[in-house]
Amino acid sequence: MATLTEKEIENKRYLSSSSIADNTLVLILAGGRGSRLHEMTDRRSKPAVYFGGNWRIIDFTLSNCLNSNLLKIGVITQYEAHSLLRHLQHAWSFLPRERGQFVDMLPARQQVDESMWYRGTADAVWQNVTIMKEHYKPKYVLILAGDHIYKMDYMQMLRDHINSGAKCTVGCIEVKRSEADQFGIMAVNEHLKVQQFVEKPADPPAMREKPDSSLASMGIYVFDADYLYSTLEREVCRENTHHDFGKDVIPRALEEGVLYAHPFERSCMGRNAEGSIYWRDVGTLDSYWRTHMDLVTEHPQLNLFDNQWPVRGLPTQSMPAKFFYKNKSRRTLDNSMVSGGCIINDAEITSSVLFGRVTVDEGSVIDSAVILPGVSVGKNCHLKNCIIERNCVIPDGMQIGIDQQEDAKYFRTSSSGEVVLVTPDMLQKREQAKTK
């Protein structure tokens, strides 16, 4: 394998950010279901799941691209893509194509043969290689997952990739060694060249100076485009391949000595009040709910009001939120986020996130709940420790999150038993059961 000369590496160091951006194609892998969210992803992919009162999960990755000035973006979709595609069309179609900026949608199109969808993360990219070569013609390819919550300057990662002389760079985050068996783990030398990479190891390698920590892959990769093309072409012809970056492509780059790590610490743009980095996989009901509960604390781990690194979503011209109380002594609203178009009428809201156009009638109590758009809560209801799916109609007097045995009859309870998920279908089945 040919290596770069010192002069070539030195010349790369002086590439401007605009030059790097012009030569970089971003591919966002957004085709996953997110099955651990259960009914929340029955009709939408995980990247299209609502988050934070005003966004979808994929908006964080796309906003990172926008803030990093990387504006040549392809979004690869597959599972239940309609909701995601609509969101991309409505929220992310503003980039000027005439300036070479775009968010293109790359759904699974059965290009190889009529029975073959995307078989894995690497295959999803491989099936778009012809388009990449003939239409986009990048020098560098940044591959991202569209289903995590974090803020990151991808330009810094690209610059580190170029300066190192790597053919492939993998973004990594420090995790506790006791939890490392859930990730792809790497060991690196003092120059961040990867020496070892193992998927979900029982005995994970520790960091050089932190024996209780390991470096975990974030599923974020930078490739030299030519190297990516040749590697994928070889990979697709191999027997017993998983068609996966973590299981197949990254180990191959390690074998060839061209794999480097990029610590998230170097490019994180979202830190908490103590200065710690923020990266979350909200892939379970418990993690989704707990992450929202953090948002309504005094000093949340994630700052959604950061004008220095803003998160863009679907711009909406909604009505203002309205609060009306006939009983002036009633405790009204505390420690919550309430989006536009909500109408709260003589109800108590505490430690909750309400998305747009939620109505709550008199006498109801909402406590530690995540209420998605268009939900209507009737009179004298009590909702606690729950996620209420979009467009649910909660009838008068209903209690959710109060009686665990009653909830289990009709609704989804999280693995911890702490959170209750309610959907329109569940409410309909409950009503049918009550009327029999």
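## Thoughts on the overall build of the protein
- The helix and strand tally for the protein stands at twelve helices and 27 strands.
- Taken against the 2.2 N^0.38 rule, which gives 22 Å for 436 residues, the C-alpha radius of gyration of the protein at 23 Å falls within 12% of a compact globule.
- Seen through its principal axes, the protein has C-alpha atoms that stretch 75 × 50 × 40 Å.
- The buried share of the protein, taken over its 436 residues, is 51%.
- A separation threshold of at least 6 residues defines the contact pool for the protein, and within that pool the share at least 24 residues apart is 59%.
- Approximately 20,500 Å² of the protein is accessible, and the part contributed by carbon and sulfur atoms is 46%.
- Taken together, the 51 basic and 55 acidic charged side chains of the protein have centroids lying 4 Å from each other.

## Looking at the packing of aromatic side chains
- Summed over all chains, the structure comprises eleven aromatic pairs.
- Linked through ring pairs, Phe51, Trp55 and Phe60 together constitute an aromatic cluster.
- In this arrangement the basic side chain of arginine 280 is found over the ring face of tyrosine 278, its NZ or CZ atom lying 4.2 Å from the centre.
- Directly above the aromatic system of phenylalanine 94 lies the positively charged group of arginine 312, at a separation of 3.8 Å from the ring centroid.

## Considerations on the nonpolar core
- Counting residues in hydrophobic clusters, the biggest one holds 41 residues, and the most contacted among them are Ile28 and Leu144.
- For this core, the element with the most residues is helix α7 (residues 154-164), which contributes five residues.
- When sequence neighbours within four positions are dropped, the list of residues in contact with isoleucine 28 reads Ile58, Thr61, Leu62, Cys65, Ile73, Gly74, Val75, Ile76, Leu144, Ala145 and Gly146.
- In this structure, Val141, Leu215, Tyr227 and Tyr229 belong to the second largest nonpolar core, which totals 38 residues.

## Some words on the pattern of salt bridges
- Counted by the stated rule, this structure contains 22 salt bridges.
- The shortest N-O distance in the salt bridge between glutamate 362 and lysine 326 comes to 3.9 Å. Separated by 36 residues along the polypeptide, glutamate 362 in the loop between β20 (359-360) and β21 (365-371) and lysine 326 in the loop between β14 (322-324) and β15 (333-334) bring together distant segments of the chain.
- For glutamate 362, a relative accessible area of 30% translates into the label partly exposed.
- For lysine 384, the salt bridge is made with aspartate 367, and the minimal N-O distance between the two is 3.0 Å. Here lysine 384 is found in strand β23 (residues 382-388), whereas its partner aspartate 367 is found in strand β21, with 17 residues between them in sequence.

## Regarding helix α3 (residues 58-67)
- Of all ten residues making up α3, eight are buried, and the element is well covered by its neighbours.
- All of the buried residues in α3 are Ile58, Asp59, Phe60, Thr61, Leu62, Ser63, Asn64 and Cys65.
- Asparagine 69 occupies a position one or two residues after α3 and carries a positive phi of about 65°.

## With respect to the environment of isoleucine 173
- Relative to the helices and strands, isoleucine 173 resides in strand β8 (residues 168-176).
- Relative accessible area serves as the criterion here: at 8%, isoleucine 173 is assigned to the buried category.
- Discounting residues that sit within four places of it in the chain, isoleucine 173 has contacts with Ser214, Leu215, Ala216, Met218, Phe264, Ile277 and Trp279.

## Remarks on the sheet that holds strand β22 (residues 376-377)
- Read across the sheet, five strands follow the order β14-β17-β20-β22-β24 without closing on themselves; strand pairing throughout is parallel. Of all the strands in the sheet, just β14 and β24 (393-394) have a single pairing partner and so form its edges.
- For β14 and strand β17 (residues 343-345), the ladder comprises three bridges, and the chain directions are parallel. Bridging from a neighbouring strand, phenylalanine 324 pairs with asparagine 345 of β17.

## Considering the pairing of β8
- In terms of burial, β8 is largely enclosed, as seven of its nine residues are buried.
- Of the pairings in the sheet, the one linking β8 to strand β12 (residues 259-263) comprises five bridges and is parallel in character. Paired with cysteine 172 across the strands is proline 263, a residue of β12.

## Here's the deal with the environment of valine 338
- By the secondary structure assignment, valine 338 is in strand β16 (residues 337-338).
- A relative accessible area of 24% means that valine 338 is categorised as partly exposed.
- With 17 residues separating them along the chain, valine 338 and phenylalanine 355 place their C-alpha atoms 6.4 Å apart.
- Not counting the four nearest positions on each side in its chain, valine 338 is found in contact with Ala321, Phe323, Leu333 and Leu354.

## Things to note about the packing of helix α8 (residues 225-236) against helix α9 (residues 245-255)
- One can describe the packing of α8 onto α9 by two numbers: an axis separation of 11 Å at closest approach and a directional angle of 120°. One finds that α8 runs oblique with respect to α9. Handedness of the α8/α9 crossing: right-handed. Taken together, the residues of α9 that come into contact with α8 (itself represented by Tyr227, Leu228, Thr231, Leu232, Arg234 and Glu235) are Phe245, Asp248, Val249, Arg252 and Ala253.
- Grouping the constituent residues of the contact of α8 with α9 by class yields six nonpolar, one polar and four charged.

Cut-offs applied
Residues numbered from 1 in each chain as written. Predicted model: local features only at pLDDT ≥ 70, side-chain atom pairs only at ≥ 80, totals over all residues. Heavy atoms only, no water. Helix = DSSP H or I, 4+ residues; strand = E, 2+ residues; numbered from the N terminus. Rg over C-alpha atoms; globule rule 2.2 N^0.38 Å. Buried < 20%, exposed > 50% of the residue type's maximum accessible area, 1.4 Å probe, protein only. Contact = heavy atoms within 4.5 Å. Areas by Shrake-Rupley, 256 points an atom, 1.4 Å probe, with all protein chains shown as cover. Lys, Arg positive; Asp, Glu negative; His and termini not counted. Charge placed at Lys NZ, Arg CZ, Asp CG, Glu CD. Phe/Tyr/Trp six-rings, centres within 6.5 Å; stacked < 30°, edge-to-face > 60°. Lys NZ or Arg CZ within 6 Å of the ring centre and 35° of its normal. Core = buried A, V, L, I, M, F, W, Y, C linked by side-chain atoms within 4.5 Å. Salt bridge = Lys/Arg side-chain N within 4 Å of Asp/Glu carboxyl O. Pairing = 2+ DSSP bridges. Axes fitted to C-alpha atoms, helices over the stretch in contact; angles between N-to-C directions. Parallel < 35°, antiparallel > 145°, perpendicular 65-115°, else oblique. Left-handed = near helix turned anticlockwise from the far one by under 90°. Nonpolar A, V, L, I, M, F, W, Y, C, P; charged D, E, K, R; others polar.

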